[in-house]
Amino acid sequence: MKPIPGLRRLFRLAAGRSTAAADVAEELELHLALATEELMAEGMSADAARAEALRRFGNLSDIQRTVTAIDREQERAVRRTEWLDSLVGDFRHALRALRRSPGFAVGTALTLGLGIGLNTAIFSVFEGVVLRPLPFAEPDRLVRMWSTKLDRGLLLFSVSAPDFADWRSQGRSFEQVAAFERQQDVTLSGGGEPEQIQAARVSADLFALLGVKPALGRLFTSREDRPGEAARPLVLSQSIWRRRFGQDPAVLGRTLTLNGEPWTVIGVMPKDFSVPGNSAEVWMPLTGLDAGLHPALDAGMASSPTQDRGNRYLRVLGRLKPAVSLTAAREEMNTIAHRLDAQYPGSNTGWTVTVLGLTDAVVGQQFRAAVTILFGAVGLVLLIACANVATMVLGRSAARSRELAVRASLGAGSARLGRLLMAEGLLLGVMGGAIGVLLAFGLVRLLHALEPPNLPRLDQVSVNGIVLAVAGLLSVGTGIVFGMVPLRWATRIPLTQALREGGRGSSAGRRRQQTQRLLVVSEMTLAVLLLSGAGLLIRSLIRLQAVELGFEPRNVLAVDLSLPATGYPGLAPTRFYGDLLDRVRTVPGVRGAAAISSVPLGGPNAGTVFAIQGQPVPDPKSTPDADWRVVTPGYFRLMNIPLIRGRDFAEQDDSAAASVVLISATTARRFWPGADPVGATIRLGDVVKGPLAQVVGVVGDVHHLSVEAIEQRPMLYFPHRASGSRRMSLLVSATGDFGALAVAVRREVRVMDPGLPLSAVRTMDEVVDAAYAQRRFNVVVLGVFAAAALVLAGIGLYGVMAYSVSQRTPELGVRLALGAQGGEVVRMVLGESMRLVAGGLALGLGGALLLNRTLAALLFEIKPNDPAALIGASVLLAGIALLGSFVPARRAARVDPMTTLRQE
């Protein structure tokens, strides 16, 4: 008799073999046999009955495949259900295990959360600024172009209008080339109270080049970009449309007044749109250009800035053709530059072209270097946090060695134990990730509140889906890795040894301690790298703040004003600013008042070439050039800038008198070496036909563009009465409340012109602080990372030494029972700790000498191997390590010998 199919299946299940195909075959054979028997009972022969049964069943192979597939799917569903139930049970067990060790769970989660949170925050900056594409059509084909003159240190300089026209007509690498001016303060009237806003002129094809369409209305046409066009079309940004006009669509066609001139609104740009490198709120066509910031000076330099190749004031963008590479475009543009050099000697001699991808241009090399360094630093913090968690996990694995050994002896294999430990690790990773994400959200919000200077695309920085995905990967990855750490030790300890010793004193226990010590050494090494880097930046900032600025910023208020051309023609600004200064000087508490066209360290730059009369006409390659400012009498005295020789400007130095100029000490030293320049005459702009000016004095050097400049640029100062400049910064020296002083100055301005707003009000101390802000921000961020590394390293050393003391309790009890003093035990434990610290310091200092070179671009007059920074980092880390080791050492000295021996 054949065995019953169900019994055979039961035996196979007990044996653990796959049964789907065999079960289906047996079931079909059973049904065929029954059908055959029925047919034979009706009188058919055995063969005929078998054939008829097969015919009635149909295609037996198809039936077998279909039923087998159904059976196998049911088996897989059962296995999945069993696996999920088992996994849920593992997580429940893991949660109960962590509840029994709340200190371990909280410490691990906080440590991982700190590392993950800092990394997530920095990655959000990296993703938003560097990785995220610019919000334009095909941004990888967009480029930014500059004029460059390496022998004068002008790397990324603006472009003249004639050069721009030649680039656009001769360049074959670009689909389009467009230009725009630097944004300027203008007074907006109409639609509300007058206010100072940022405006910029752009070529008509700029928006099409960027691939942006208006949210409302239209953009400029090529006809509106032609010289002589009478129309004055204006395009608004989304922000000013919302803020000033309440998103009213009827703003189209409305006439607004900018600097006293009527402009008609024709369009509104989309939300968050801005021209790269330009923060303007309104845009107008590039035609009808103003003669410049200071018409009286510009009039002698050239008939028009649109015809003067030496007047470089445009920013240029281009869109590459699809098949053209950036390298090919660079080669072509420099070929054009060499052609213009030969065609226009003097104005174009030595000038080349720099072409960068727009993303690189927006981000900037300095910021990219800074964020890369910060990314590396925060990565070190995560490594330290990971090493710290590893030491805690190893310490806990020793306490769990008996539990894991018993589970293994009862049949739990490595896979089963691994799944259990992985569940615990994932729970810890998720807890740490949740804390890290909350920390990242807080840090990003803080970043937006601080608005650090020179941080491009800050509005794009956020904790978005990509950033959360990276945080999730970090959480899961670290959780799995650290969850599996105890498995290595659990499978190496025999059950009898685990039950007898719990791993204490065994070879596995010694290996565990050695691993922990190696992790502590690695933490110390990484901490030295971060501390030395932070020390370098701190010393660099201190050295930078010690630089003599050349002026005294304390107790000085700066107020920016811009007079409209309509209503203030010719030299009318001279009378306005003269009367305003007289009124401000009468305000109580005011000690003095003056004005300058651009405050030091806080305004735009202007420059010109010149020639010294009585000397041969300079070679075009060596024509002297200098920056220049316009000032009122008393400016140098108010700012405490020394008058080295000659005289200061006087009230009689106006347009009716002979032109005069004051020069800086660097200008005198460079162009009149060993001679007295007072009384010399220079020709401005055009070295053959430009206007003449007589040098009447020499004043001290001032840091106008950057505090970091080792060698100052030559500087020329012109009297305001001779220039009629409409844009000036009023400087008021006073004592007392600067808020009340600003209100008083605003009142005096409105008395003279009720429709004139103040574009900016700040103290000169704030201007100087802004000049240090970027380096201060780098110091703060890297300092936070270094402090986190220091704390984590100290906690890690404390954990290892505490675990070592607990493992050596019997030994210490015997030592104390045999007469050892508590001080000797303390010294022994501290000595062991200091050996670990010394190893970490040695490796860390060696690594710092190599890696600190990457900080060279962020340092000022400090070398990457600065001994003070390295020694300071070592002393600080050693002090924290000594503090972290002292508590375990004291605990070791207080071991009760009798209690210890009785337990053993």
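Since we're looking at a predicted model, the values are computed, not measured.

## Considering the overall build of the protein chain
Regarding its fold elements, the protein chain presents 28 helices and 24 strands. Within the protein chain, the proportion of its 904 residues that are buried is 50%. Of the accessible surface of the protein chain, which amounts to about 41000 Å², a share of 59% is contributed by carbon and sulfur atoms.

## Comments concerning the packing of helix α19 (residues 572-585) against helix α23 (residues 738-752)
Two numbers describe how α19 lies on α23: the axes approach to 10 Å, and their chain directions differ by 140°. One finds that α19 runs oblique with respect to α23. The two elements α19 and α23 meet at a crossing, and its hand is right-handed. Only V745, E748, V749, V751 and M752 of α23 make contact with α19, whose side of the interface consists of F576, D579, L580, R583 and V584. A class-by-class count of the residues in the contact of α19 with α23 yields 7 nonpolar, no polar and 3 charged.

## Focus on the packing of aromatic side chains
Summed over all chains, the structure comprises 12 aromatic pairs. Arranged with centres 5.4 Å apart and planes meeting at 85°, the rings of F576 and Y577 form a pair that is edge-to-face. Here the two residues F576 and Y577 agree in accessibility, since each one is buried. Ring centres of F610 and F671 lie 5.2 Å apart, and the angle between their planes is 85°; this geometry places the pair in the edge-to-face category.

## Side note on the confidence of the model for the protein chain
Per-residue pLDDT for the protein chain has a mean of 79; in total, 81% of the residues score no lower than 70. Helix α20 (residues 635-638) holds the highest mean pLDDT among the elements of the protein chain, 94, whereas helix α9 (residues 295-301) holds the lowest, 38. Note that pLDDT drops below 50 for residues 1-18; the model gives that stretch 12 contacts with residues more than four away or on any other chain.

## Brief notes about a positive patch on the surface
Together, R92, R96, R99 and R100 line one region of the surface with positive charge. When you line up the elements, R100 lands in helix α4 (residues 60-100). R100 gets classed as exposed once you look at its relative accessible area, which sits at 58%.

## Brief notes about a nonpolar patch on the surface
Residues V106, L110 and I435 make up a contiguous nonpolar surface patch of about 240 Å² in total accessible area. Locating I435 in the fold gives a position in helix α14 (residues 414-450).

## Looking at unusual backbone geometry
Glycine aside, residues mostly have negative phi angles, and peptide bonds mostly take the trans form. Despite not being glycine, L601 shows a phi value in the positive range, around 70°. Although it is not a glycine, N640 adopts a positive phi angle of roughly 60°. Relative to the assigned elements, N640 resides in the loop between α20 and β18 (643-646). By relative accessible area, which is 54% here, N640 ends up exposed.

## So, the packing of helix α6 (residues 161-170) against helix α10 (residues 326-343)
Their axes nearest at 11 Å, the elements α6 and α10 cross at an angle of 130°. Considering the angle they form, α6 stands oblique to α10. Our pair here, α6 against α10, has a crossing hand that is right-handed. Taken together, the residues of α10 that come into contact with α6 (itself represented by D163, D166, W167 and Q170) are E332, M333, I336, R339 and L340. In terms of residue class, the contact of α6 with α10 is made up of 4 nonpolar, 1 polar and 4 charged.

## Concerning the side chain of N119
Considering the arrangement of structural elements, one finds N119 in helix α5 (residues 102-131). Taking the relative accessible area as the measure of exposure, N119 reaches 8% and is therefore buried. The contact partners of N119, leaving out residues within four places of it in the chain, are V378, G379, L382 and L474.

## Observations regarding the nonpolar core
M524, L530, L782, F785 and L877 are the most contacted members of the largest nonpolar core, which has 48 residues in total. Looking at this core, the elements with two or more residues in it are α5, α12 (365-399), α18 (507-545), α24 (764-807), α26 (822-851) and α27 (867-893). Of the residues forming this core, the biggest block, 13 residues, is contributed by α18. What L782 contacts, discounting residues up to four positions off in sequence, is L374, A377, L530, G533, A534 and L537. Residues V587, A595, W672 and L716 belong to the second largest nonpolar core, which totals 45 residues.

## Topic: the pattern of salt bridges
In this structure the tally under the stated criterion is 23 salt bridges. In this structure, R243 engages E195 in a salt bridge whose closest nitrogen and oxygen atoms are separated by 3.1 Å. In this pair, R243 is assigned in helix α8 (residues 238-245) and E195 in strand β6 (residues 195-202), connecting sequence segments 48 residues apart. R775 is the partner of E708 in a salt bridge, and the nearest nitrogen-oxygen pair spans 2.8 Å. Here the residue E708 occupies a position in the loop between β21 (692-699) and β22 (715-719), and R775 occupies one in helix α24, the gap between them amounting to 67 residues. Here the residues in one salt-bridge network are E195, R243, R244 and E281, joined through shared partners.

Basis of the calculations
- Residues numbered from 1 in each chain as written.
- Predicted model: local features only at pLDDT ≥ 70, side-chain atom pairs only at ≥ 80, totals over all residues.
- Heavy atoms only, no water.
- Helix = DSSP H or I, 4+ residues; strand = E, 2+ residues; numbered from the N terminus.
- Buried < 20%, exposed > 50% of the residue type's maximum accessible area, 1.4 Å probe, protein only.
- Areas by Shrake-Rupley, 256 points an atom, 1.4 Å probe, with all protein chains shown as cover.
- Axes fitted to C-alpha atoms, helices over the stretch in contact; angles between N-to-C directions.
- Parallel < 35°, antiparallel > 145°, perpendicular 65-115°, else oblique.
- Left-handed = near helix turned anticlockwise from the far one by under 90°.
- Contact = heavy atoms within 4.5 Å.
- Nonpolar A, V, L, I, M, F, W, Y, C, P; charged D, E, K, R; others polar.
- Phe/Tyr/Trp six-rings, centres within 6.5 Å; stacked < 30°, edge-to-face > 60°.
- pLDDT = per-residue confidence, 0-100.
- Patch = residues over 30% accessible without salt bridge, like charges linked within 9 Å, V, L, I, M, F, W, Y side chains within 5 Å.
- Salt bridge = Lys/Arg side-chain N within 4 Å of Asp/Glu carboxyl O.
- Lys, Arg positive; Asp, Glu negative; His and termini not counted.
- Charge placed at Lys NZ, Arg CZ, Asp CG, Glu CD.
- Core = buried A, V, L, I, M, F, W, Y, C linked by side-chain atoms within 4.5 Å.

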